[in-house]
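Chain by chain, the residues run as shown.
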Amino acid sequence: MNQNPEQIARDQIDDLLIASGWVIQDKNKVNLAAATGIAIREYQTDVGPADYVLFVDTKPVGIIEAKREEEGHKLTVHEDQSIAYATAKLKHINNNPLPFVYESTGLVTRFTDYRDPKPRSRAVFTFHRPETFQKWIKEDKTLRARFYDIPELAKDSLRDCQVEAITNLEQSFRENRPKALIQMATGSGKTFTAITFIYRLLKFAKAKRVLFLVDTKNLGEQAEQEFRKFLPQDDNRLFPELYGLTRLSSSFVPDDSQVYISTIQRLYSILKGTPLDERDEEENPNEGNKWQPKEPMPVVYNEKIPMEFFDFVVIDECHRSIYNLWKQVLDYFDAFQIGLTATPDNRTFGYFNQNLVCDYGYQKAVEDGVLVPYNVFEIVTKVTQQGAKIELGEYVSSREKMTRKEFWNQLDEEVEYTNKQLDDKVVNVNQIRLIIKAVRDNLPTMFPDRYAGEGRDLTDFEVPKMLIFAKSDSHADDIINIVREEFAEENKFCKKITYRTEDPKGVLTQFRNSYYPRVAVTVDMIATGTDIKPLEVLLFMRDVKSRSYYEQMKGRGTRTLSLEDLRASGTPSAKLTKDHFVIIDAIGVEKSRKTDSRPLEKKPGLSLKQVLEGIAMGNTDEAMLTTLANRLIRLDKQISEKEKMAFAEKANGYTLNQVVKQLLHAHDPDTLAGITEQVKAQNPGAAPATIETKIQEQHQQLVEQAVAVFNDYELRNFVVDIRRKYDQIIDHINPDELVNIGWVKDNKAEAENLVNHFRSWIEEHKTEIVALQLFYGQPYQRRELNYKMLKELVEALKADKPAMAPLNIWRAYEQLEKVEGKPKNEMMALVALIRRVSGLDEKLTAYDKTVDRNFQDWVFRKQAGALKFSEEQMQWLRMIKDYVANSFRIERDDFDLSPFNAHGGLGKMWSLFQEKTDEIMNELNEELAA
């Protein structure tokens, strides 16, 4: 009845041992043949009785030093006592030192494997299974010793950042660091890096199993594809031909694979033994869901997946997968943890013990040419900033959110809405239309090379691949309809890609690889993680408060793409490689306040969907159940009898009222009092701790019964959908107007830095590179410039300084000063830039405009005297001028090429200009380049 703390600790240790597959025996009732693993209490050694000695296959293998709960904070102090027992001689046995040593209070347990190089204790969830020790004893070296067998990394075909990440990570393993963080910018090859080091761990360190943890089904499928196509450097077989690969999609976990891919939701449900619908894995549970369990349902031991099941856990997008509810999953496994993220925050660094093995952020990736930079184009409208007001008596259209059924009515009260209520309570179609029109009209100036033909008509313009971030499914539908209309295009031009789309993966594949759709609208599905290389425009029509989430969303546009691949993946009119992308900010997302706080932190004002998902994922505290009960009471008063019957059919026959009563009953004080009395009556004489445990167990059963119906995804979805039937007002009345439009100048300091670096590079190389020597020489020397020289100059610049690609420098100048015209290609941009840097031009001017101006001056001087060119001669001179503007000089042989060959070639030139032909060519080469 009145157990002391030591006895309570022993009881808890016994429970853990039994759950982990050990049979416990007293020292005077020993039968080592009774099971594979035997734990003998108070076994005598030559230094005194050990609390527990562990036997596997009748041989002693380990020690447990038991301590009372209050000693939990200083278990490391007791390691000397533990090792004394482990190295002592056991009674009746001529034993060697025992390798496996624990210190435990039953609540906190630490473990040391003394076979390791530099043995170090670590916290573990519980005790390892006997079968695990059985396997470990047969191995020549421990996992931590095998890290030293990993050979040096072959650096071929790997980026410098990938080499750094893998090399430093493997050193971290050799130093026995339990956690490591890899920060690599989105698009720099995080997943490839992870698969490479996983392959090396399996092959050289003989790792048994690796878990690759994601937080959405979409990311899991994407990771699986990456594993399936991975070809190691030292083998000509694909990864799945070498190692078993399993993506978990049910509660079944096979034990014969080496790599397992799972969502953290799936793994949590498996450990808890609760079902999970695949659709609950579609949305990232940490973005937009604000619920946080005060006391999350604890993960309990699962013998099908013991804590030692995995040697390594790789956590993708770890900046959002390591907190609160999910941290329990990570704490469960006795495994090394490797975090992958592009956007760590202070909590992420803290969780991974500040062990940052690779720090490769976006800026570094841009400087190395691994990723492309971006420019921000801002569209500010009056309604976006201020909202609007609809007067009493106006006729407006209203719409059911879910069915989108519309009807007209007259307002019986004034409606004033804020910018925050846009696209929720009120939809202002004029605001959406104005933004889309502004995007349509400005895309050609952002991408001047995207005209499919020779004309400059909008119908000839090829819209770059664009992704629009919408606030909701309903908002996305409004945007799609207006985009199709304003761009005068068909259905396939603009598509929605959300989890609720009929074929999201199919549409995503089309968007990634095919010409159509040109525009995709999403709410959340491709906000993070999804790889779409040909994407060149991100249009934000929703705000984002989380800094890391925003960086992830921006990451959709950062991937580099060669000209050939850009054309092949759906943009055939492209004239240049993808060297930047554009953010169009139509909501103020660039300026809105961003925080590092976890979206899981509890806040007031949860939506019904968030409450339901929170409960389904284990947040069953009183506040959450009461909140849901109140929402359902209100819903019961608003929905039809037909909808109430539909609810009961999906809820196993329970009506809304009955479900509400169960929810309220679960945490009622009278209920708890009744459970307490019943447990005490059924367990007379039991210890207080035992009584308390049984009360908690029965109460938890009651709570789980109350929320059981909401494990069903279909029911949760049904409740959310009928709640969505509230009307939206469609504001056709208030027009919108542009307040501001244009490139954001906030990047001025960065632009100045880039321009200064470019100037320095030119100055540094002006005596080495022939093209630069000619620029800095006399005017007559510049006439020697040719296409080949300039091409080599472009390539030298990009190879040495990828971030200083000519068009990047051009855009930087646009931030700093007024420029004239737009460059038609990289080389023309570079010529104009060098003219500006070398002082030939006072302001940055597109090279074709400089050539036009020099040509006009030359013609004017020529015709100022007696010489007058005929119209036919002028036509030829203009052709020569246009040719020089694109190719930088003209030679006799060039007259065999277009456009001259179609008009008679060199022979026609000679017939027009006679013996002055060469003189005119030389003059134009010199004058136009002046």
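Residues numbered from 1 in each chain as written. Predicted model: local features only at pLDDT ≥ 70, side-chain atom pairs only at ≥ 80, totals over all residues. Heavy atoms only, no water.

(A) Spatial organisation of the sheet that holds strand E24 (residues 537-540). Strand order in the open sheet made by the seven strands is E22-E23-E21-E24-E25-E15-E27, with mixed pairing throughout. Both edges of this open sheet fall to strand E22 (494-496) and strand E27 (738-743), since each of them pairs with a single strand only. The average angle at which neighbouring strand axes cross in this sheet is 15°, direction not considered. The pairing of E24 with strand E25 (residues 581-585) spans four bridges and is parallel. The residue of E25 that forms the bridge with Val-537 is Val-582. Helix-sheet contacts for helix H15 (residues 473-486) involve strand E21 (466-469), E22 and strand E23 (519-522), and the interaxial angle to E22 is about 170°. (Pairing = 2+ DSSP bridges. Helix = DSSP H or I, 4+ residues; strand = E, 2+ residues; numbered from the N terminus. Axes fitted to C-alpha atoms, helices over the stretch in contact; angles between N-to-C directions. Contact = heavy atoms within 4.5 Å.)

(B) Here's a closer look at the nonpolar core. Counting residues in each nonpolar core, the largest one holds 55 residues, and the members touching the most others are Phe-758 and Leu-877. Contributions of two or more residues to this core are made by helix H26 (748-765), helix H29 (787-800), helix H30 (806-816), helix H31 (826-838), helix H32 (847-863), helix H33 (871-887), helix H34 (905-913) and helix H35 (917-928). With nine residues, H31 is the single largest residue contributor to this core. Excluding anything up to four places from it in sequence, Phe-758 contacts Leu-797, Met-804, Ile-809, Leu-830, Leu-833 and Val-837. Counting 49 residues, the second-largest nonpolar core is a separate cluster that includes Ile-150, Leu-158, Ile-195 and Leu-219. (Core = buried A, V, L, I, M, F, W, Y, C linked by side-chain atoms within 4.5 Å. Buried < 20%, exposed > 50% of the residue type's maximum accessible area, 1.4 Å probe, protein only.)

(C) Quick peek at the pattern of salt bridges. Tallying each qualifying case throughout the model produces 44 salt bridges. Where Arg-146 meets Glu-139, a salt bridge forms, and the shortest distance between an N and an O atom there is 3.2 Å. A salt bridge links Glu-486 to Arg-440; the nearest nitrogen and oxygen atoms lie 3.0 Å apart. Residue Glu-486 is located in helix H15, and its partner Arg-440 is located in helix H14 (residues 429-446); the two are separated by 46 residues in the primary sequence. You'll find Glu-486 and Arg-440 in the same group, each marked buried. (Salt bridge = Lys/Arg side-chain N within 4 Å of Asp/Glu carboxyl O.)

(D) Region of the structure containing the packing of H31 against H32. Closest axis-to-axis distance for the H31/H32 pair is 8 Å, and the angle between their directions is 70°. Relative to H32, the element H31 lies roughly perpendicular. Here Met-828, Val-831, Ala-832 and Arg-835 of H31 come into contact with H32, specifically with Tyr-847, Asp-848 and Thr-850. Of the residues assigned to the contact of H31 with H32, the class counts are four nonpolar, one polar and two charged. (Parallel < 35°, antiparallel > 145°, perpendicular 65-115°, else oblique. Nonpolar A, V, L, I, M, F, W, Y, C, P; charged D, E, K, R; others polar.)

(E) Quick peek at the pairing of strand E9 (residues 210-214). For E9, a buried count of five out of five residues is recorded, marking the element as mostly surrounded by other parts of the structure. Both faces of E9 are covered, namely the face carrying Val-210, Phe-212 and Val-214 and the face carrying Leu-211 and Leu-213. Two elements, E9 and strand E11 (residues 259-263), share five bridges in a ladder whose sense is parallel. The residue of E11 that forms the bridge with Val-214 is Thr-263. One ladder, built from four bridges, connects E9 with strand E12 (residues 312-316); its direction is parallel. By the bridge assignment for E12, Phe-212 is matched with Val-314.

(F) Up close: the side chain of Thr-193. For Thr-193, the position within the fold is in helix H6 (residues 190-203). The class for Thr-193 is buried, based on a relative accessible area of 1%. If we ignore the near neighbours within four places in the chain, the residues touching Thr-193 are Gln-162, Ala-165, Ile-166 and Met-184.

(G) Inspection of unusual backbone geometry at higher detail. Residues Tyr-516 and Pro-517 are joined by a peptide bond in cis, for which omega reads 0°. As for its placement among the helices and strands, Pro-517 is situated in the loop between helix H16 (504-513) and E23. With omega at 5°, the peptide bond leading from Ser-898 into Pro-899 counts as cis. Along the chain, Pro-899 falls in the loop between H33 and H34. If you check the backbone angles, Lys-206 has positive phi at about 55° while not being a glycine. Relative to the elements of secondary structure, Lys-206 occurs in the loop between H6 and E9. The backbone of Gln-354 sits at a positive phi, close to 60°, despite the residue not being glycine. Within the secondary structure layout, Gln-354 lies in the loop between helix H11 (346-351) and strand E14 (356-360).

(H) Up close: H15. Its 14 residues give H15 an end-to-end C-alpha distance of 20 Å, which sits within 8% of 20 Å, the value for a rise of 1.5 Å per residue. Among the residues of H15, those classed as buried are Ser-474, His-475, Ala-476, Asp-478, Ile-479, Ile-480, Ile-482, Val-483, Arg-484 and Glu-486. Downstream of H15 by a residue or two, Ala-488 has a phi angle that is positive, lying close to 55°. (Expected span 1.5 Å × (residues − 1).)

(I) Seen up close, the sheet that holds E9. Here we have seven strands laid out as an open sheet, ordered E10-E11-E9-E12-E13-E8-E14, and parallel in their pairing. The outermost strands of the open sheet, each flanked by one partner alone, are strand E10 (245-247) and E14. Going across the sheet, the axis of each strand differs from the next one's by a mean of 15°, ignoring polarity. Most of the contacts of helix H5 (residues 160-174) go to E14, to which it runs at about 170°, and overall it touches strand E8 (179-184), E12, strand E13 (336-341) and E14. Seen against the sheet, H6 touches E8, E9, E11, E12 and E13 and runs at an angle of roughly 175° to E12.

(J) Just the state of the cysteines, in detail. Scanning all chains against the criterion turns up zero disulfides. Distance from the sulfur of Cys-161, which forms no disulfide, to the nearest cysteine sulfur (Cys-358) is 6.1 Å. The buried category is assigned to Cys-161, whose relative accessible area is 2%. We classify Cys-358 as buried; its relative accessible area is 0%. (Disulfide = S-S within 2.5 Å.)

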